[in-house]
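# Report on the structure
Next come the chains, spelled out residue by residue.
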Amino acid sequence: MRYDTEFAPAIRPIAASTDDAGENLLTLFGDHSLDAYRHGMQRCVELVGRTLSHNRRPFSGVEPQELQPELEAIDLDRPLESLEASLEEIQRLYLDHAVHFHDPRYVAHLNCPITLPSVLAEAIATPLNTAVETWDQSAGATLIEQKLIDWTSARIGLGDDADGVFTSGGTQSNLMALMIARDNACAAMPGHAGNRHHGLPQGYRALRILTSEISHFSVQKAAALLGLGYDAVIPVPCGDDKRMDIAALAAILEDCDAQGLQPFAVVATAGTTDFGSIDPIPRISTICRQRGLWLHVDAAYGGGLLLSTRYRHWLAGIEQADSVTIDYHKTFFQPVSCSACLVRKRHQLRHATYHADYLNPRDQAEEGTPDLVNKSLQTTRRFDALKLWMTLRTLGAERLGGYLETVIGLARAIHRQLQHRDDFEVLMAPALSTLVFRYRPSHVDEDADIEAINRHVRQTLSRRGEAAVAATRVEGRLYLKFTLLNPHTRLEDLESLVERIVAHGKDAAGAPNVPPAVVASGS
Ligand SMILES: *Cc1c(COP(=O)(O)O)cnc(C)c1O
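Here, residues in each chain are numbered from 1, in the same order as that chain's written sequence. Totals for whole chains, interfaces and linings use every residue, but because this is a predicted model, local features are given only for residues with pLDDT of at least 70 and side-chain atom pairs only at 80 or more, for both listing and counting. Water and hydrogen atoms play no part in the side-chain values, which are based on all heavy atoms of the structure.

In this section: the packing of aromatic side chains. Classification of ring pairs uses Phe, Tyr and Trp, with its six-membered ring standing for Trp, and accepts pairs whose centres are within 6.5 Å; under 30 degrees between planes counts as stacked, over 60 as edge-to-face, and the remaining range as tilted. The tally for this structure, following the rule as stated, stands at nine aromatic pairs. Ring centres 5.0 Å apart and planes at 90° place the aromatic pair Tyr328 and Phe332 in the edge-to-face group. One exposure class covers both Tyr328 and Phe332, and it is buried. Consider the rings of Phe437 and Phe482, whose centres lie 4.7 Å apart with planes at 65°: the pair is edge-to-face. Residue Phe437 is found in strand S10 (residues 434-439), and its partner Phe482 is found in strand S12 (residues 477-483); the two are separated by 45 residues along the sequence. Buried residues are those whose accessible area, probed at 1.4 Å on protein chains only, stays under 20% of the maximum for their type, while exposed residues exceed 50% and partly exposed ones sit between those limits. Taking relative accessible area as the criterion, Phe482 reaches 0% and is therefore assigned buried. An aromatic cluster is defined as three or more aromatic residues linked by ring pairs; in this entry it consists of Phe424, Phe437, Tyr439 and Phe482. Charges are assigned to positions over rings by a cutoff of 6 Å between ring centre and Lys NZ or Arg CZ, combined with an angular limit of 35 degrees from the ring normal. Geometry around Tyr479 places Arg438 over its ring, the cationic atom sitting 5.0 Å from the centre. In DSSP terms, a helix is any run of H or I states spanning at least four residues, a strand is any run of E spanning at least two, and both are numbered starting from the N terminus.

What follows is the structure, encoded as structure tokens:
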């Protein structure tokens, strides 16, 4: 019931301020507009503050068809020419309905609450509009990013020759790592002078990437973008613990030999998106070394363990990787986007290099100018490193590690409770901070009925703005998922969420005497 009392009325539109500096805002940002800048920033801070203090639920529950007409009514060719009017509009279209990742009952996807210093860093980096692709556009920003890359590599233990670059996310980091691995594999093919100039060699159809059956879909996407196709990715079965089965990996590799296929990379996941499971990296690494395969570790989710004194050892073996993906915008509590791709040998990044005369000429690189574009898939690129920098320089890495330890503890605590209930089915103990489960009252047996109930539960929670819970499919069955990344979520929050799940689940299943088939569709 407590949820209902927390329903907040929609925020009243903010009143136009009396000293409306709106007109001064109709200009470019610069030293001539500092007064208007201060005023405008102040108004934005007030608006965000109001949104957070008034909207005390993770989501308004709005549906696309409810919001769409408002968008359709707006003519982008007719500006409002007033800051207050445009803030009022953006509040209606966006802020009133924004999903609040900092809310304790947002437990859906891998979105984290973010550190306060990182928010302030964005307030510095954006007005300066620094672009970090070349030294001559960024100066100190380039060195700040480089120092964070070196720090991350050292935390992983990649060695003195390691290097890397910030990216837009784990998807781009995985693409970049697999591009490097592919280009190395192709360069080794007889009679081929390299992909960068000549495209893929004759034998490219034999190339294969191996990764667990529950690794991130960006591996498949990367394979497609790299000209190899989804079919070039061979899924390796997992054991009951959702970690890659090493015997299966070895068997598949032998099978590839027999078929004349050419595996060139294994992607190990350190923290699968659904289960948080960490593949046995040391054993995978041994196999990779024996066969000369590229080992990429996708630590988009588990990367935060690098900062945990208690659980750092879960990442054992990551130091043997040829490349690593780290998503700072997940378990380092940074704003979107903030991610990195790291490699063990810096010269591998040459696969991403193109020298343009106007931007990063070869002689500039030979002189030692640090132009980050030389190792990036992007050209113009945001100064995303500043937020991590300010977080580390103010809060410190240890606190971030502590946040992750807290949510791991929370996942274990709620698992202990659900495990003992006969109306919940929990697939496995949490490996990191997710829990995959479904509500299953004892009188309901059919999978289709259980699915209908859980679907109803999730939709109702969302529509009422009571909580944001994810759903996923495991072996064809629908499950609900908690992804816990908020150290301020308390066990009591999850306990009352579980009670809401039971209440909505009972509604869907009907009263105890009503057969569940009444609500189930198509069974
Ligand atoms: C989130 C995630 C990705 C994708 O990262 P983005 O930052 O969303 O692009 C890749 N791998 C894993 C394991 C992830 O959890």
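Next up on the list: the sheet that holds strand S8 (residues 339-343). The strands making up a sheet associate through backbone hydrogen bonding, with each pair oriented either parallel or antiparallel. When DSSP finds two or more bridges between two strands, those strands count as paired. As summarised here, the arrangement of the seven strands in space is S2-S8-S7-S6-S5-S3-S4, forming an open sheet in which the pairing is mixed. Lying at the two open borders of the sheet, with one neighbouring strand each, are strand S2 (163-167) and strand S4 (233-236). Strand-to-strand twist across the sheet, computed as the mean angle between neighbouring axes with direction ignored, equals 20°. Two elements, strand S3 (residues 207-212) and strand S5 (residues 262-269), share five bridges in a ladder whose sense is parallel. Across the sheet, residue Ile209 finds its bridge partner in S5, namely Ala265. Taken strand by strand, helix H8 (residues 170-187) contacts S2, S3, S5, strand S6 (294-299), strand S7 (323-327) and S8, and its axis lies near 180° from that of S6. To define axes, lines are fitted to C-alpha atoms, for helices over the stretch in contact only, and angles between the resulting N-to-C directions are given on a 0 to 180 degree scale. Every residue pair with non-hydrogen atoms within 4.5 Å of one another is taken to be in contact.

We now examine helix H2 (residues 34-54). Two residues of an α-helix separated by three or four positions point the same way, owing to the 3.6 residues in each turn. Here H2 spans 30 Å end to end across 21 residues, near enough to the 30 Å set by a 1.5 Å rise per residue. For H2, the elements touching its buried residues are helix H4 (83-93). Take the number of residues in a helix, subtract one, and multiply by 1.5 Å to get its expected span.

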